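# Observations on chain architecture
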Amino acid sequence: MLYLLFIYIHLIATCMAIGVIVLTDMRLLAKLVGYRVVIPPPEQFETLMVVVAMTTLVVSGCAVVLLGMAANPHYLNNPKLQAKILLVGLIVANSFALHYISFPRLARARAVASWKARDHLGVAIPVALSNSLWLYCAFLGVARPWNNVVPIGTVLAIAFGLFVAATLAVLLALRFGAREQHRERPDWIDSVKARLSDRMPLSERRRYDRQHLQDTLF
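The following paragraphs examine the structure supplied in this document. Quick caveat: nothing in here was measured; it's all calculated off a predicted structure.

## Focus on the environment of Asp-25
Within the secondary structure, Asp-25 is located in helix α1 (residues 2-30). The class for Asp-25 is partly exposed, based on a relative accessible area of 22%. Sequence-wise, Asp-25 and Asn-131 are 106 residues apart; in three dimensions their C-alpha atoms are separated by 9.1 Å.

## Let's talk about the nonpolar core
Judged by nonpolar contacts, the single largest core of 39 residues is most densely connected at Ile-39, Leu-87 and Trp-134. Looking at this core, the elements with two or more residues in it are α1, α2 (44-71), α3 (79-107), α4 (117-142) and α5 (152-177). Among the elements that take part in this core, α4 stands out by supplying nine residues, more than any other. Here Ile-39 is in contact with Leu-28, Leu-32, Leu-106, Val-112 and Leu-174, once residues within four sequence places are set aside.

## Digging into the side chain of Thr-167
Note on placement: Thr-167 falls in helix α5. Setting aside its immediate chain neighbours within four residues, Thr-167 contacts Ile-125 and Ala-128.

The rules behind these values
Residue numbers restart at each chain and count upward from 1, following the sequence in its written direction. Only residues with pLDDT of at least 70 are given local features in this predicted model, and only at 80 or more are side-chain atom pairs given and counted; all residues enter the totals for whole chains, interfaces and linings. The side-chain numbers reported here are obtained from all heavy atoms of the structure, hydrogens and water having been left aside. Under the DSSP-based scheme used, a helix requires at least four consecutive residues in state H or I and a strand at least two consecutive residues in state E, with every element numbered from the N terminus. Only protein chains enter the accessibility calculation, which uses a 1.4 Å probe. A residue is then buried if its area is under 20% of the maximum for its type, exposed if over 50%, and partly exposed in between. We call a set of buried Ala, Val, Leu, Ile, Met, Phe, Trp, Tyr and Cys residues a nonpolar core when their side-chain atoms join them within 4.5 Å. Contacts between residues were defined by any pair of non-hydrogen atoms, one from each residue, lying within 4.5 Å.

Now the structure itself:
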């Protein structure tokens, strides 16, 4: 019963963290619709919720492992579990990169068009690593058919592939947001921005129009 309780707490913490991360990503991605894009860091409440979820996740995960080892001495011999522990440790380490590298860069409130290559990489790599590993570790939590079947190398290789794909996606999104103004002959970026802008709620459209006007004037 105690084991199931910690599994449930572990699940709730994972859902809470992923929910906050996805909502934050969607809020930030919405800013890429306009021009002269400035991406702010996550709000303090969002950061706090992720920290609480991560702490709960680690504590409940340790409890699950200890209880599992108490019931089965070979509990840790599962390659999938070994890989998940390594990846969770990487998530924790990456959180420091987010707080001390990525978020300070965003807090400078500089338009994406003025970023240098190190700014793009300093944001893209930690953000991509966080998003890909959170979702992948959640998948590993329910991938019971992989228990004692899939080698640890395969599990980690898939994680690396997802990280590379996520990094390319973030870099592409940053390039999309780096456009300062529409071109005389619109290309695919201007076309996508226009289509997304047309589908935005009127209140959001007005807010971005005001922001664009302020950026133009000041």
